[in-house]
Amino acid sequence: MIEYRAPNAEWTKNYGLSTAALTGRYMFNGAMALDVDKLKRLDEADNVANEVIFCLNQPKTTTGNQGFGPASIGNLTMYPGDMAYQDEAETALVEFFGAADQPLYITIGAGLAADCRVEIEAVTEARTA
C-alpha cells in the first residue's frame, strides 16, 4: 500500500502537491524550500547551499524521522532552476554527505516554482539503527 504525505491537506487540495510517497521500506520524496502559502522561497534558504541542505533534510522532516534520514538517501535528482547554481549546489552535497559518502545523483536544469533555486527528489530506504 502506498501512503502519500503532504505538510497539510491544503497543499494537496489547492496545488496537487504531496511531499512523499511511502511504500513500506522505501520513500520517494520531493523537496523545495518553498512557502506554499506565499509562493516564495523560505527565508532560511538565503543561498543555494542552504536551500540544498533544507531539501536534503526533508525525508526526515516528512516522516517524523521514522528511519528516513539523510543517511538513508540512496539516489537523488537535483533540479537547479538555473544551471549557474550547479557548482554551488554540488558543493553543498559534498559538504552535507562528505566526499566519499554521496548518494548516486544527477543534476538536471528545470524551471521551478516561485523564486526557488533548487528542487530535490530523493529515494530513501528506511534504516533501523
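Computed from a predicted model, the values in this text were never measured in an experiment. (Residues numbered from 1 in each chain as written. Predicted model: local features only at pLDDT ≥ 70, side-chain atom pairs only at ≥ 80, totals over all residues. Heavy atoms only, no water.)

Moving on to unusual backbone geometry. The phi angle at Leu39 is positive, at roughly 50 degrees, despite the residue not being glycine. Tracing the backbone shows Leu39 in the loop between β4 (34-35) and β5 (40-41). Assessed through its relative accessible area of 46%, Leu39 is described here as partly exposed. (Helix = DSSP H or I, 4+ residues; strand = E, 2+ residues; numbered from the N terminus. Buried < 20%, exposed > 50% of the residue type's maximum accessible area, 1.4 Å probe, protein only.)

To continue, consider the sheet that holds strand β7 (residues 104-107). In spatial order, the strands read β1-β2-β3-β8-β6-β7; together these six strands make up an open sheet with mixed pairing. Pairing within the sheet leaves two strands with one partner each, and these edge strands are β1 (3-5) and β7. Within this sheet the neighbouring strands show an average axis-to-axis angle of 15 degrees, counted without direction. Note that β1 and strand β2 (residues 20-22) share three bridges and pair antiparallel. The residue of β2 that forms the bridge with Tyr4 is Ala21. Running over the sheet, helix α2 (residues 48-56) touches β3 (26-32), β6 (73-80) and β8 (118-125) and is turned about 30 degrees from β8. (Pairing = 2+ DSSP bridges. Axes fitted to C-alpha atoms, helices over the stretch in contact; angles between N-to-C directions. Contact = heavy atoms within 4.5 Å.)

Quick look at the side chain of Glu51 now. Mapping Glu51 onto the fold places it in helix α2. On the basis of relative accessibility, which here comes to 0%, the residue Glu51 falls in the buried class.

Moving on: the pattern of salt bridges. Inspection of every chain in the model, using the stated rule, returns two salt bridges. For Arg25, the salt bridge goes to Glu125, with nearest N and O atoms at 2.1 Å. Here Glu125 lies in strand β8 and Arg25 lies in the loop between β2 and β3, a separation of 100 residues in the sequence. Taking the relative accessible area as the measure of exposure, Arg25 reaches 48% and is therefore partly exposed. Residue classification places Glu125 among the partly exposed residues on the basis of a relative accessible area of 22%. (Salt bridge = Lys/Arg side-chain N within 4 Å of Asp/Glu carboxyl O.)

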